[in-house]
Amino acid sequence: MKALSGLTERKPAVLLPLSRGSIRARQRGQTPLGHVNLRALLVCAWLGLCASLSPAQTLDKCRDLQGTGQARQADACYQQLLSSADPYVRAEAAWALEQYQAANESFRSACERAPKNALCRARWGRFYLDRRQWQDAGKLFAEALEIQPDHPEALLGLALVSARGYERKAVELAGKAIASDPKLVDARVLLSRLALEDGNESKAAEEARKALEVDSKALDAMAMLAAIDWLNDDHNTPWAERILKINPMYGEAFATAGHFLVLNRRYEEGVRFYRRAIELNPRLHKARVELGINLMRLGLDDEAREHLELSYSNGERYAEVVNPLRLLDSYRNFETFTGPATVLRLHRREADFLRPYFESELTRAIRTFEKKYGMRLERPVRLEVYPDHEDFAVRALGMPGLGALGVAFGNVVAMDSPSGRKPGSFHWASTLWHELSHVFVLTATGHRVPRWFTEGMAVYEETEVSPDWGDRITPDVIEAVREKKLLPVAQLDRGFVRPEYPAQVVVSYFQAGQLCGYIAEKWGYRKLLDMMHAFGKRKSTPEVIVQELALAPEELDKAFFAWLDGKLSKTVQGFGDWKNGIRKIAASAKAGQHSEVIEQGRQIRDLYPDYVEDGSVYEFLAESYLALGDKARAREQLAAYARIGGRHPEVIKRLAGLLEEAGQKAEAARALEKLNYVYPQDEDLQRRLGTLWLEQGNAEGAVRAFHSVLALKPLDRAAAHFNLASAYRAARKNEQALEQVILALEAAPGYRPAQRLLLELSQ
């Protein structure tokens, strides 16, 4: 479990991860094994079952009772097996009874007693999977395969580990498990799950039916078929009735549906199914964990805490439970601001500073999208901004390590704060607009829209706000285009869910955004809205393309790829020359050979004009021009850098300084204003911007900038209050100006500019 910085430690003791090494014989709250017989006899007597149980009682009998919903009888059965002389039997029984430390000890004893038993290690690995200790599980599966290279349970275990990360290797491993044991139902069910995660419903149903051919009572396979029906809004699926007839407590079927509904961003429906799962079986603690996490996603924090606390108290003490609980504890450090159409949650230490920026941009985005999409949201948009990226990751997934910048759950949006990222690496306003587009598109379609379309619309909308917003074309995208790795539109969702190479998610975002841009250019923006509404009627990607564009998907692919090649051909073909050239430029700059830098830079800059990251040609050229005393050409290069989307604060401030020197103060102010969308927590930026706006007669802009300086708690508070007073006076807000000038004099009674301004305001 990765510690979350800035979060309060929880009071209840968190159990350490189960260890394959030595574990104390007795854990707090664990029933001693020497007392198990008495407890088992008491349970048997209470249920009247002792006569039917014997030392020959098997795990299969207990599992049959459990599988048919006879929970109390199953518990009594497992309790008797806790006294077995076989540590493997004791391990399985303790696991079923949620006695996890005892189960771990017994698995270790069993595997030590039978070092060549592959099944023991495979089952121990499955136990670790259940405890969310993925790395330990993987090692045990690997050990089992060293003993028996084709062991089906071990192959299935590795497939499950891979499936957790949506790796394509999971399909291959599950196939090997079936080849080793064609009757391994769990492997068929996994293939069904993997297919449905890929959006391939027919393949998912096929694999589930194959599982039922092996075992006609395979409840997990029936759950997959029920989930497919529920995803298609068939609430009268016959599979639910069949499942509950076999096992009236089989909430796992509804938890399975909840998983797929959430995966398809149908969060509220997913919550309803998770609720149903734990209604049927309150001991489905993992379903309760998922319910808690998804309640958090919907902003229902109090109820989320109840379910997560209950899961924790029932032994679910791994990171996906502890991290969200710690995050909920940390919310006392946040402030919430409620408006007519918005709810904004900001960390207390930056709330005063960020609130004006986020409130105004959030309101602007909502008004713009209401007009563009022709709709109004029925509920306020809730925006949560996290200064610690790992807190945001836990908010989104329950675990740290998320690579995204923002995420939307219905009308709830969570995202990084600009302070949570390296200055210049994150355009927070672009991210906000991206996520707000999701809110509108998901609402308009009832959350029934393919991932490629909603992501493509969001990417397209970012750059529609301003050409320098959004992400630039990355080297990964250029390589993918050059190597013909872009997916057909009918398969584009797979690039987001189960990527085949490391950069495919980034490439898929780019492709989806460009595809929406192509459709808007060729058919008009209205056509994107028509497609959106068609998706809302549960039509597939091929059906929508045929209906709205009068093209087969393959024809759209051909036309789009030709259009994209036309846009990128120069960059794709010249990428190798650009890479070689940039290395030469860097070497020339290091040697102080400025004329060579300029000559080389002119040759390659326009081969890859989108590159505005560290070490861009624009920066090399500007520095060399400045070294040679040519400020005008340096200014031109930096202006091009900013226009394309360069956003490093120091580079933009250098551009503003050159513009100011040239007497272009309005342009300098506009250049600095761009940084408010990137990294506004810069005292020097805000002071310079306020001064420029005041000189240009933009009193409101000056007020906001100087207010930001004060919110950043500057050392010279007297000057900060005085500057804000001057801005208020220019805005004809004399009462606020008087208040600020008095504060300036309280900070520095002898501050003469403030004394003069006080006199003027008094007169």
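Residues numbered from 1 in each chain as written. Predicted model: local features only at pLDDT ≥ 70, side-chain atom pairs only at ≥ 80, totals over all residues. Heavy atoms only, no water.

1. Here's the deal with the overall build of the protein
Helices and strands together make up the secondary structure of the protein, namely 38 helices and five strands. Projecting the C-alpha coordinates of the protein onto the three principal axes gives extents of approximately 100 × 65 × 55 Å. Here the contacts in the protein between residues at least 6 apart in sequence split such that 61% fall between residues at least 24 apart. Carbon and sulfur atoms provide 50% of the accessible area of the protein, an area that totals close to 34000 Å². If the 104 positive side-chain charges of the protein are averaged to one point and the 102 negative ones to another, these points end up 2 Å apart. (Helix = DSSP H or I, 4+ residues; strand = E, 2+ residues; numbered from the N terminus. Contact = heavy atoms within 4.5 Å. Areas by Shrake-Rupley, 256 points an atom, 1.4 Å probe, with all protein chains shown as cover. Lys, Arg positive; Asp, Glu negative; His and termini not counted. Charge placed at Lys NZ, Arg CZ, Asp CG, Glu CD.)

2. Quick notes on the environment of arginine 704
Inspection of the secondary structure assignment puts arginine 704 in helix α35 (residues 699–711). The class for arginine 704 is partly exposed, based on a relative accessible area of 27%. Each C-alpha atom, one on arginine 704 and one on tryptophan 693, is 10.0 Å from the other, the two residues being eleven residues apart in sequence. Ignoring anything within four residues of it in the chain, the contact list for arginine 704 reads Pro356, Tyr357, Ser360, Glu673 and Asn676. (Buried < 20%, exposed > 50% of the residue type's maximum accessible area, 1.4 Å probe, protein only.)

3. Observations regarding the environment of alanine 656
One can find alanine 656 in helix α32 (residues 649–661). Residue alanine 656 is classed as buried on the basis of its relative accessible area of 0%. With 528 residues separating them along the chain, alanine 656 and tyrosine 128 place their C-alpha atoms 57 Å apart. If we skip the residues at most four places from it in the chain, alanine 656 touches Ala668, Leu672 and Arg688.

4. Looking at the packing of aromatic side chains
Taken as a whole, this structure holds 39 aromatic pairs when the rule is applied. Between phenylalanine 369 and phenylalanine 440 the ring centres are 5.6 Å apart and the planes differ by 45 degrees, which places this aromatic pair in the tilted class. Taken as a pair, phenylalanine 369 in helix α19 (residues 348–373) and phenylalanine 440 in helix α21 (residues 428–444) lie far apart in primary sequence, 71 residues in all. The exposure class of phenylalanine 440 is buried, given its relative accessible area of 0%. (Phe/Tyr/Trp six-rings, centres within 6.5 Å; stacked < 30°, edge-to-face > 60°.)

5. Description of the side chain of glutamate 197
Following the sequence through the fold, glutamate 197 ends up in helix α10 (residues 185–197). Reaching out from glutamate 197, the side chain makes a polar contact with the side chain of histidine 259 at a distance of 3.1 Å. Ignoring anything within four residues of it in the chain, the contact list for glutamate 197 reads Tyr166, His259, Phe260, Leu263, Val497 and Arg498. (Polar contact = N/O pair within 3.5 Å; in protein donor to acceptor, adjacent residues only side chain to side chain.)

6. Description of the packing of helix α4 (residues 87–96) against helix α6 (residues 118–130)
In contact at an axis separation of 12 Å, α4 and α6 are set at 20 degrees when each is read in the N-to-C sense. The orientation of α4 relative to α6 falls into the category roughly parallel. Considering how the two elements wind past one another, α4 and α6 form a crossing that is left-handed. For the pair α4 and α6, contact is made by Tyr88, Glu92 and Trp95 and by Leu119, Cys120, Arg123, Arg126, Phe127 and Asp130, respectively. (Axes fitted to C-alpha atoms, helices over the stretch in contact; angles between N-to-C directions. Parallel < 35°, antiparallel > 145°, perpendicular 65-115°, else oblique. Left-handed = near helix turned anticlockwise from the far one by under 90°.)

7. A short note on unusual backbone geometry
For residues besides glycine, phi is generally negative; the peptide bonds are generally trans as well. Its identity as a non-glycine residue notwithstanding, aspartate 233 has a phi of 65 degrees, on the positive side. Within the secondary structure, aspartate 233 is located in the loop between α12 (219–231) and α13 (238–246). Even without glycine at this site, arginine 732 takes up a positive phi of about 60 degrees. Position of arginine 732 relative to the elements: it lies in the loop between α36 (717–730) and α37 (734–747). The class for arginine 732 is exposed, based on a relative accessible area of 76%.

8. Observations concerning the environment of methionine 531
Following the sequence through the fold, methionine 531 ends up in helix α26 (residues 525–536). Along the primary structure methionine 531 and leucine 761 are separated by 230 residues, whereas in three dimensions their C-alpha atoms are 59 Å apart. With sequence-adjacent residues up to four places away left out, methionine 531 is seen in contact with Trp452, Phe453, Ile519, Val544, Glu548 and Leu549.

9. Looking at the pairing of strand β4 (residues 406–409)
Neither face of β4 is left uncovered, since the one carrying Gly406 and Ala408 and the one carrying Val407 and Phe409 both have all their residues buried. Here four bridges tie β4 to strand β5 (residues 412–416), and the two strands are oriented antiparallel to one another. From the neighbouring strand, phenylalanine 409 faces β5, where its bridge partner is valine 412. Remark: two residues form the turn of the hairpin made by β4 and β5, two consecutive strands paired antiparallel; glycine 410 in that turn has positive phi of roughly 65 degrees. (Pairing = 2+ DSSP bridges.)

10. Some points on the sheet that holds β5
Overall, mixed pairing links the five strands, which are arranged β1-β2-β3-β5-β4 in an open sheet. Each edge of the sheet is formed by a strand with only one pairing partner; in this case those strands are β1 (334–338) and β4. Recorded for the sheet is a direction-independent mean angle of 15 degrees between the axes of neighbouring strands. By the bridge criterion, five bridges tie strand β3 (residues 381–386) to β5 in an arrangement that is parallel. Residue pairing across strands places leucine 383 opposite valine 413, the latter belonging to β5.

11. What to know about the packing of helix α5 (residues 100–113) against α6
It is at 10 Å that the axes of α5 and α6 come closest, and there the two elements cross at 160 degrees. What the angle tells us is that α5 and α6 run roughly antiparallel. Here α5 and α6 pass one another in a crossing that is left-handed. On the side of α5, the interface is formed by Tyr100, Ala103, Asn104, Phe107, Arg108, Ala110 and Cys111, while α6 contributes Cys120, Arg121, Arg123, Trp124, Phe127, Tyr128 and Asp130. Its residues assigned to classes, the contact of α5 with α6 comprises nine nonpolar, one polar and four charged. (Nonpolar A, V, L, I, M, F, W, Y, C, P; charged D, E, K, R; others polar.)

12. A short note on the pattern of salt bridges
Counted by the stated rule, this structure contains 62 salt bridges. Between arginine 345 and glutamate 384 there is a salt bridge; the shortest N-O distance is 3.5 Å. Of this pair, arginine 345 sits in strand β2 (residues 342–347) while glutamate 384 sits in strand β3; the two residues are 39 residues apart in sequence, bridging distant segments of the chain. An identical accessibility class is assigned to arginine 345 and glutamate 384; each is buried. Of the charged contacts, one joins glutamate 384 and arginine 395 as a salt bridge, the two residues approaching to 2.5 Å between their closest N and O atoms. With glutamate 384 in strand β3 and arginine 395 in helix α20 (residues 389–397), this residue pair connects regions lying eleven residues apart in the sequence. The two residues glutamate 384 and arginine 395 agree in class, both being buried. (Salt bridge = Lys/Arg side-chain N within 4 Å of Asp/Glu carboxyl O.)

13. Remarks on the state of the cysteines
Each disulfide consists of one covalent bond between the sulfur atoms belonging to two cysteines. Overall, the coordinates contain two disulfides when judged by the stated rule. Sulfur-sulfur distance for the disulfide between cysteine 62 and cysteine 77 comes to 1.9 Å. The disulfide joining cysteine 62 to cysteine 77 has a torsion of about -75 degrees about its S-S bond and is therefore left-handed. You can see cysteine 62 sitting in helix α2 (residues 59–67) and its partner cysteine 77 sitting in helix α3 (residues 71–81), a full 15 residues away along the chain. Overall, cysteine 62 belongs to the buried group, its relative accessible area being 0%. Residue class for cysteine 77 comes out buried when judged on its relative accessible area of 0%. Here cysteine 111 engages in a disulfide with cysteine 120; their sulfurs sit 2.3 Å apart. Because the torsion about its S-S bond is -105 degrees, the bridge between cysteine 111 and cysteine 120 counts as left-handed. (Disulfide = S-S within 2.5 Å.)

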